Amino acid sequence: MVGTQTATGAQTEQTSTPKEFKNYINGKWQPAKSGKTFQSINPANPADIVGIFPASDKQDVDEAVAAAKKAYEDWRLYPAPKRAEILFRAGQIFIERKEELARELTREMGKVLAEARGDVQEVIDMVFYAAGEGRRLFGQTTPSELRNKFAMSVRVPLGVIGCITPWNFPMAIPSWKIAPALVCGNTIVFKPASDTPLVATRFVEILEEAGLPPGVLNLVTGGGSAVGDAMLENPEIKLISFTGSCDVGRHVNEKCAPSFKRVSLEMGGKNATIVLDDANLDLAVDGILWGAFGTAGQRCTATSRVIVQKGIYPQLREKLLERAKSLKLGYGLDANVDVGPVINESSLKKIEKYVQIGQEEGAKLLFGGQRAPEAGPGWFFQPTIFDEVKPNMRIAQEEIFGPVTALIPVSDLKEALHVANDIEFGLSTAIYTKDVNKAFEAVRDLESGLTYVNAPTIGAEVHLPFGGTKNTGNGHREAAEACLDIFTEWKTVYIDYSDKLQRAQIDIE
Ligand code: NAD
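Residues numbered from 1 in each chain as written. Predicted model: local features only at pLDDT ≥ 70, side-chain atom pairs only at ≥ 80, totals over all residues. Heavy atoms only, no water.

Participant: Can you explain the environment of F203? Please cite residues and give values.
Facilitator: Relative to the helices and strands, F203 resides in helix α6 (residues 197-209). Residue F203 is classed as buried on the basis of its relative accessible area of 1%. Distance in space between the C-alpha atoms of F203 and K349 is 30 Å, their sequence separation being 146 residues. Filtering out sequence-adjacent residues up to four positions away, F203 remains in contact with F94, V123, M171, P174, S175, I178 and F190. (Helix = DSSP H or I, 4+ residues; strand = E, 2+ residues; numbered from the N terminus. Buried < 20%, exposed > 50% of the residue type's maximum accessible area, 1.4 Å probe, protein only. Contact = heavy atoms within 4.5 Å.)

And the structure:
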């Protein structure tokens, strides 16, 4: 080990020669056909190379798809409760390795260790939840309108599925797709984000160890267009399950449209927390701080807008400022760090650009707005709060995906709801109030897939549907029973045991 000391005093885990990892295709670990590679880097310390990974292309994707297609023929017939047993075994391994996985996750992605543990815990939750479906996957039986005729519907798998995932929940999000897709009887080609291939590799290693047959789950690492586009173009992939930005999601949708490939899209957010005059102020500040600056603001559900009723606005601004000042930036493995780095240099530049845009638009920079080199050699940015933001400013409309939040003053609940909804996204919203009538009105009228009352915009649990309205998604929901509608399709079955021709809608007796 060659240790590197960060400014916060934590030791990064740099090895002298970074390990080379491989794709996983048809049960074998193998390099990219081209032999090309890329590096994964610790965002808290760019000198720390986490690993070297295959820079794959169409050849690798096509081989993985062919393997998944072949494996599908048997996997779809392997009983669902048996498929689930493999997931239960995997869940147990995730529990045993939680700590080491979380530490690697922090090193590769940057979120602080407590949050990294949460990421792995979400995998455990999802894997067990999906495994439970192995003995459910319920269909329906219903009376037929004709005598001596039986009617039912059953769920059938789709075939080969392409899973394309982002880096911000590098283990949890793959699990939300892969675990239910597997239990439903599909086989998979998995392309993780290029910033977090190690965490993805660990995820696949554990499923292999749990006993997944060769070809059922295939990992192909590499760039968005080299690997991603090859997946979108491959006719044998029946569904692309995508989580990421709206821009790439739109590309995925357009590229899959001519072949009618199914597409499920989970995309960006610009999530609002409303704070009414009667709110518990300290509770609201706790929630805003966690929602806006947890994971350095890099959550699809991050609190990037705070819509505050004028009576409480000055106190809320003061308390939030005071608390934001006390947040400690640094390497996520350092126990007293609250906020880690952002993922890479281009992300940092995008955040800087929006800070400049906000100032040019006339918003007041209350706190932050700068890089934070004192936190370490990596990509650190100060928690940033804009004050007196107008709802139509770009910093209040566009996803920044960093530790930046905008305070927007409003007069009453009606205006707050209008501001919250006047946006192209619809992922998560929250309201802080003690008035049950106002809370229910907000629950009814907020245009988002998730709404929290007296809790922050982040905090989803795997047994409830997850997803967004408007440009955040295309109508699907992940997690819970709802995700089965993504990974299966319905087959309706009629069994006529009357021994004669019976015509529906015509032979009515
Ligand atoms: P991104 O869109 O840049 O990348 C997502 C994935 O798409 C990556 O694996 C990337 O390599 C791949 N990709 C890039 N170009 C591609 C192409 N041409 N064809 C196919 N695939 C391609 O997003 P990101 O920066 O990794 O993640 C951040 C974004 O994800 C934010 O917008 C965030 O809101 C969103 N997100 C949404 C949810 C949700 O559930 N709604 C959850 C997490 C993150």
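There is more to say, and it comes next.
Participant: Describe in detail the packing of helix α9 (residues 281-293) against helix α10 (residues 313-325), supporting the description with residues and values.
Facilitator: At a minimum axis distance of 10 Å, the contact between α9 and α10 shows a crossing angle of 50 degrees. Considered as vectors, α9 and α10 are oriented oblique to each other. The handedness of the crossing between α9 and α10 comes out as right-handed. Contact residues: L281, D282, V285, D286, I288, L289 and F293 in α9; Q315, L316, K319, L320, R323 and A324 in α10. (Axes fitted to C-alpha atoms, helices over the stretch in contact; angles between N-to-C directions. Parallel < 35°, antiparallel > 145°, perpendicular 65-115°, else oblique. Left-handed = near helix turned anticlockwise from the far one by under 90°.)

Participant: Break down the environment of K70 for me, citing the residues and quoting the values.
Facilitator: The residue K70 is located in helix α1 (residues 58-75) in this model. A relative accessible area of 67% means that K70 is categorised as exposed. Distance from K70 to K328, taken between C-alpha atoms, is 51 Å for residues 258 residues apart in sequence.

Participant: Can you lay out empty space enclosed by the protein for me, pointing to particular residues and giving the numbers?
Facilitator: One pass over the full model with this rule turns up 2 cavities of 30 Å³ or more. Estimated volume of the largest cavity: approximately 90 Å³. If you go around the largest cavity, you meet 15 residues; those closest to its centre are G297, A302, S304, E399 and F401. Here the lining of the largest cavity is composed, by residue class, of 6 nonpolar, 6 polar and 3 charged. Each pocket or cavity is described by its volume, and for the second largest cavity that value is around 60 Å³. (1 Å grid on protein atoms, 1.4 Å probe; cavity = no way out; pocket = protein on both sides within 12 Å on 5 of 7 lines; lining within 4 Å. Points joined across faces, edges and corners; volume = space filled by probe spheres on them. Nonpolar A, V, L, I, M, F, W, Y, C, P; charged D, E, K, R; others polar.)

Participant: Please set out the pairing of strand β17 (residues 384-387) residue by residue, giving values where relevant.
Facilitator: Residue alternation in β17 divides its side chains into two sets, T384 and F386 and I385 and D387, and both sets are buried. In this sheet, β17 lies alongside strand β16 (residues 364-367) in antiparallel orientation, the contact comprising 3 bridges. What sits directly across from L365, in β17, is F386. Here β17 pairs with strand β18 (residues 404-410) via 3 bridges, running parallel. Bridge pairing in β18 places I385 opposite T405. (Pairing = 2+ DSSP bridges.)

Participant: How would you summarise the domain arrangement of the protein chain if you had to cite specific residues and measurements?
Facilitator: The domains assigned to the protein chain are domain 1 (12-267 + 473-491) and domain 2 (271-453). Here domain 1 and domain 2 have C-alpha centroids that lie 31 Å from each other. Opposite the 25 residues of domain 1 that make contact, domain 2 presents 26 residues. Contact with domain 2 buries surface across domain 1, with A44, E115 and W167 losing the most and accounting together for 25% of the total. (Domains from an automatic or database assignment. Buried area = accessible area lost by both parts, 1.4 Å probe.)

Participant: Which residues make up the site of the ligand, and what values do they have?
Facilitator: As a structural note, the neighbourhood of the ligand is formed by 28 residues, with T165, W167, S245, M267 and E399 the closest of them. Within the side chain of K191, an N or O atom sits 2.9 Å from an oxygen atom of the ligand. In this structure, S245 approaches the ligand through a side-chain N or O atom, which is 2.6 Å from an oxygen atom. Against a free-state accessible area of 850 Å², the protein chains account for coverage of 87% of the ligand. Those elements that provide at least two residues to the shell around the ligand are α7 (224-233), β12 (237-243) and α8 (246-256). Ranked by residue count, the leading element in the shell around the ligand is α7, at 5 residues. Taken together, the residues of the shell around the ligand break down into 14 nonpolar, 10 polar and 4 charged. Per-domain counts for the shell around the ligand show at least three residues from each of domain 1 (12-267 + 473-491) and domain 2 (271-453). (Near = heavy atom within 4 Å. Polar contact = N/O pair within 3.5 Å; in protein donor to acceptor, adjacent residues only side chain to side chain. Areas by Shrake-Rupley, 256 points an atom, 1.4 Å probe, with all protein chains shown as cover.)

Participant: Tell me what's going on with the side chain of Q30, and back it up with residues and numbers.
Facilitator: Along the polypeptide, Q30 turns up in strand β4 (residues 28-30). Not counting residues within four places of it along the chain, the set of residues in contact with Q30 comprises K22, N23, I25, P54 and E63.

Participant: Describe the layout of surface pockets, with residues and values.
Facilitator: Each pocket or cavity is described by its volume, and for the second largest pocket that value is around 180 Å³. Around the second largest pocket, the lining residues are V112, A114, E115, L289, W290, F293, G294, L327, V337, D338 and V339. Of all the elements in the fold, those that place two or more residues in the lining of the second largest pocket are α4 (113-133) and α9. Ranked by the residues each element gives to the lining of the second largest pocket, the list is headed by α9, at 3 residues. Of the residues belonging to the lining of the second largest pocket, the class tally is 8 nonpolar, 1 polar and 2 charged. Per-domain counts for the lining of the second largest pocket show at least three residues from each of domain 1 (12-267 + 473-491) and domain 2 (271-453).

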